[in-house]
Amino acid sequence: VAVFSPDTLARVEAIVGAAYVRTDSDALLAYGTDGTKRRAPADLVVLPGTVEEVAAIARLCNESRVPLVPRGAGTGYSGGAVPTRGGILLSLERLNRILEIDERDLVAVVEPCVTTGDLQEAVEHRGLFYPPDPASLAQSSIGGNIAENAGGPRGFKYGTTGRYVLGLEAVLPTGDIIHTGGRTVKNVVGYDLTSLTVGSEGTLAVVTKAILRLLPKPAHTALVRADFSDVSQAARAVDALLSARVVPSTLELVDGPSLAAVARHLGEPPPAAGAVLLIELDGQPDAVEEEAARVTDACRAVGAAAFQLARTAAERQALWRLRRELSPALREIAPVKLNNDIVVPRGRIPELFAFLARLAREHDVLVPSFGHAGDGNIHVNIMVEDTPDARARAKQAEQHLFEEVVRLGGVLSGEHGIGFVKAPYLRLQLSDDEIALMKRIKAAFDPNGILNPGKIFP
Ligand SMILES: Cc1cc2nc3c(=O)[nH]c(=O)nc-3n(C[C@H](O)[C@H](O)[C@H](O)COP(=O)(O)OP(=O)(O)OC[C@H]3O[C@@H](n4cnc5c(N)ncnc54)[C@H](O)[C@@H]3O)c2cc1C
């Protein structure tokens, strides 16, 4: 608490109550990290219970020029919630209620720290559907999903979080409370501040409430697993599926090194397949069956060796196990993992995978890769031993990866954001003029630069 005078601490405690201010070193460290495992302690952890408290804390930080870092569930993969410059870590965990599910307007109104999975379950009980499905949904918060514009396997058919955000209540770094958008699906009154806030990584405003669009729950779902001899064949199958005009709800690709890691992790023999596609279809039962047949035909035409079809929830869960076990399985193959979620135009996926094989050879690194092939969004994991030399090779490989992705017409991040972890690479993607414009937008929201400083910009 070195940067805080006793007077400041007393003011914070007066706003939220002493029980909701943490100064012990355990808390400062525990709240100082996220999914990246990078860590920097906050000076204070503050747990507000109302939007008015959030606003009062923001005002205090703005007056005293103290960094203010919003935090949801702390699962972020770009260090966005890590308080790299100290200050107040604002945990929104007490704002965790589903306020309303309106079946006529087809909206849910939620506080920011509702867990994504809890919201999905609550609306599905009523025959409704909230599609965004990050793999972290059992922990991640809606506020964090909005701040990162989180996606997931269903992004191919249903898009990412931003498509479902109709309106927001948010606190500006100056302490003003604003309302953007509303309960309507159409709205072109003034600038679209909702969309601007989505994906802004907690640097423009603190989201304190969200109005989310819901859909009717699809009547039926089926999952096809297709096994291929290698990843280039699987990539060609993605092309074939798109040409067959099938729109699966998910189109996930797992490459050979990732399959091998999962097999080892589960104590199974090495896999026969060199790559796998998991293709989920949803809609009316007849349409789903017809599409499943077209998917199978398209994969067979490029040489798929084996198929499995799952119709019941239990069967689908069994096939999805491969995808769920990827994270723990990869952790066992090397201690250092640079986690990237690059995107290339869909048509360039075969080129991307050919490049990844070269990348692994040239830099002597492991590159198990998998992800949302339908979106061209591939999680490229650069993995090495934990030595200074190996870490340096991994960093060079990462730089090389980003240069190639930009050359292919792709982007550095599709879901995880820039945070501070990818900030050094921003200039590979954006021009100085574009970065300067973004900084002017940031200054309009946050004239004193107190909200989540050190994020996004190099
Ligand atoms: C195992 C694992 C799997 C993952 N899979 C996916 C995936 O499939 N798809 C995907 O998109 N991501 C994935 N992620 C990344 C992460 O879960 C998402 O980015 C998620 O949206 C972060 O939510 P959170 O609540 O944990 O946010 P945090 O990590 O707490 O914060 C993330 C950012 O949001 C800001 N923030 C949080 N709450 C607010 C708020 N109320 N107002 C303003 N800013 C706020 C923070 O300042 C920070 O910049 C995965 C992470 C893990 C660990």
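Keep in mind that this is a model prediction, so the values were computed, not measured.

1. Examining the overall build of the protein
Part 1 of the argument: Assigned secondary structure in the protein consists of 16 helices and 18 strands.
Part 2 of the argument: Computed over the C-alpha atoms, the radius of gyration of the protein is 23 Å, within 12% of the 23 Å expected from 2.2 N^0.38 for a compact globule of 458 residues.
Part 3 of the argument: Its C-alpha atoms give the protein principal-axis dimensions of roughly 70 × 60 × 45 Å.
Part 4 of the argument: When the 458 residues of the protein are sorted by exposure, 55% land in the buried category.
Part 5 of the argument: The contacts of the protein with a sequence gap of at least 6 include a subset with a gap of at least 24, amounting to 72%.
Part 6 of the argument: Treating the 48 positive side-chain charges of the protein as one cloud and the 56 negative ones as another, the clouds have centres 1 Å apart.

2. Points about the pattern of salt bridges
Part 1 of the argument: For the coordinates displayed, the defined rule picks out 26 salt bridges.
Part 2 of the argument: One salt bridge connects D105 with R183, and the closest N-O pair in it is separated by 3.1 Å. In this pair, D105 sits in the loop between β5 (98-102) and β6 (107-110) while R183 sits in the loop between β9 (177-181) and α7 (193-197), placing the two residues 78 residues apart along the sequence.
Part 3 of the argument: We classify D105 as partly exposed; its relative accessible area is 39%.
Part 4 of the argument: Here R300 ties to D297 by a salt bridge, and the two come within 3.9 Å at their closest N and O atoms. Taken together, the residues span about one helical turn, with R300 and D297 both in helix α10 (residues 285-301) at a distance of three residues.
Part 5 of the argument: It is possible to trace a salt-bridge network through shared partners that takes in E100, D102, D105 and R183.

3. Description of the site of the ligand
Part 1 of the argument: With respect to spatial proximity, 32 residues lie near the ligand, and among them P70, G72, T75, S136 and S141 are the closest.
Part 2 of the argument: N452 places a side-chain nitrogen or oxygen 3.3 Å from an oxygen atom of the ligand.
Part 3 of the argument: Considering the ligand on its own, with 970 Å² of exposed area, one finds that the protein chains cover 94% of that surface.
Part 4 of the argument: Those elements giving two or more residues to the shell around the ligand turn out to be β3 (68-71), α5 (142-148) and β10 (206-213).
Part 5 of the argument: Examining the composition of the shell around the ligand, we find that five residues originate from one element, α5, more than from any other.
Part 6 of the argument: Broken down by class, the residue content of the shell around the ligand amounts to 13 nonpolar, 15 polar and four charged.

4. Looking at the sheet that holds β6
Part 1 of the argument: Sheet architecture is open: five strands sit in the order β5-β6-β10-β8-β9, paired in antiparallel fashion. Strand pairing shows two members of the sheet lacking a second neighbour, β5 and β9, which therefore form its edges. The sheet shows a mean angle of 10° between the axes of neighbouring strands, direction not considered.
Part 2 of the argument: Here four bridges tie β6 to β10, and the two strands are oriented antiparallel to one another. Counted as the bridge partner of A108 is L212 from β10.
Part 3 of the argument: Those strands touched by helix α3 (residues 51-64) are β8 (165-171), β9 and β10, and its axis lies near 55° from that of β8.

5. Some remarks on the nonpolar core
Part 1 of the argument: F228, L277, L356 and L401 are the most contacted members of the largest nonpolar core, which totals 51 residues.
Part 2 of the argument: Discounting chain neighbours no more than four positions away, the residues touching L356 are V367, S369, V380 and L401.
Part 3 of the argument: Membership of the second largest hydrophobic core comes to 24 residues, among which are L60, L68, L90 and V171.

6. Details of the packing of helix α13 (residues 349-363) against helix α14 (residues 388-407)
Part 1 of the argument: Interaxial distance between α13 and α14 falls to 10 Å at its minimum, and their mutual angle equals 155°. One way to sum up the angle between α13 and α14 is to call them roughly antiparallel. Crossing of α13 over α14 shows right-handed handedness. Mapping the contact onto sequence places L352, F355, L356, L359, E362 and H363 in α13 and R393, Q396, A397, H400, L401, E404 and V405 in α14.
Part 2 of the argument: Within the contact of α13 with α14, the residues separate by chemical class into seven nonpolar, three polar and three charged.

7. Examining helix α9 (residues 256-265)
Part 1 of the argument: Regarding α9, the residues found buried are G256, S258, L259, A261, V262 and A263.
Part 2 of the argument: Contact partners of the buried residues in α9: β13 (250-255), β14 (275-283), α11 (313-324), α12 (326-331) and β17 (369-372).
Part 3 of the argument: The first or second residue beyond α9 is G267, which carries a positive phi of 70°.

8. Some words on the environment of T197
Part 1 of the argument: Assignment of secondary structure puts T197 in helix α7.
Part 2 of the argument: When the C-alpha atoms of T197 and A138 are compared, they prove to be 24 Å apart, with 59 residues separating the residues in sequence.
Part 3 of the argument: In this structure T197 touches I146, L168 and V207, once residues within four positions along its chain are discounted.

9. Comments concerning the environment of D341
Part 1 of the argument: With respect to the element layout, D341 can be found in strand β16 (residues 336-343).
Part 2 of the argument: Residue D341 is classed as buried on the basis of its relative accessible area of 3%.
Part 3 of the argument: On a C-alpha basis, the gap between D341 and N381 in space is 8.5 Å, while along the polypeptide they are 40 residues apart.
Part 4 of the argument: Setting aside its immediate chain neighbours within four residues, D341 contacts N377, I378, H379, L412, S413, G414, E415 and H416.
Part 5 of the argument: At 2.5 Å, the side chain of D341 and the backbone nitrogen of E415 are in polar contact.
Part 6 of the argument: Reaching out from D341, the side chain makes a polar contact with the backbone nitrogen of H416 at a distance of 3.0 Å.

10. As for the side chain of T197
Part 1 of the argument: A relative accessible area of 4% places T197 in the buried class.
Part 2 of the argument: Of the polar contacts made by the side chain of T197, one reaches the backbone oxygen of L193; its length is 2.7 Å.

11. A closer look at the sheet that holds strand β2 (residues 44-46)
Part 1 of the argument: Strand order in the open sheet formed by four strands is β1-β2-β4-β3, with mixed pairing between adjacent strands. On the outer flanks of this sheet lie β1 (21-22) and β3, each paired with one strand and no other.
Part 2 of the argument: Strand direction decides the pairing type here: β1 and β2, joined by two bridges, are antiparallel. Within β2, the residue paired with R22 across the bridge is V45.
Part 3 of the argument: This element, α3, spans β2, β3 and β4 (88-91) of the sheet and lies at about 165° to β4.

Rules used throughout
Residues numbered from 1 in each chain as written. Predicted model: local features only at pLDDT ≥ 70, side-chain atom pairs only at ≥ 80, totals over all residues. Heavy atoms only, no water. Helix = DSSP H or I, 4+ residues; strand = E, 2+ residues; numbered from the N terminus. Rg over C-alpha atoms; globule rule 2.2 N^0.38 Å. Buried < 20%, exposed > 50% of the residue type's maximum accessible area, 1.4 Å probe, protein only. Contact = heavy atoms within 4.5 Å. Lys, Arg positive; Asp, Glu negative; His and termini not counted. Charge placed at Lys NZ, Arg CZ, Asp CG, Glu CD. Salt bridge = Lys/Arg side-chain N within 4 Å of Asp/Glu carboxyl O. Near = heavy atom within 4 Å. Polar contact = N/O pair within 3.5 Å; in protein donor to acceptor, adjacent residues only side chain to side chain. Areas by Shrake-Rupley, 256 points an atom, 1.4 Å probe, with all protein chains shown as cover. Nonpolar A, V, L, I, M, F, W, Y, C, P; charged D, E, K, R; others polar. Pairing = 2+ DSSP bridges. Axes fitted to C-alpha atoms, helices over the stretch in contact; angles between N-to-C directions. Core = buried A, V, L, I, M, F, W, Y, C linked by side-chain atoms within 4.5 Å. Parallel < 35°, antiparallel > 145°, perpendicular 65-115°, else oblique. Left-handed = near helix turned anticlockwise from the far one by under 90°.

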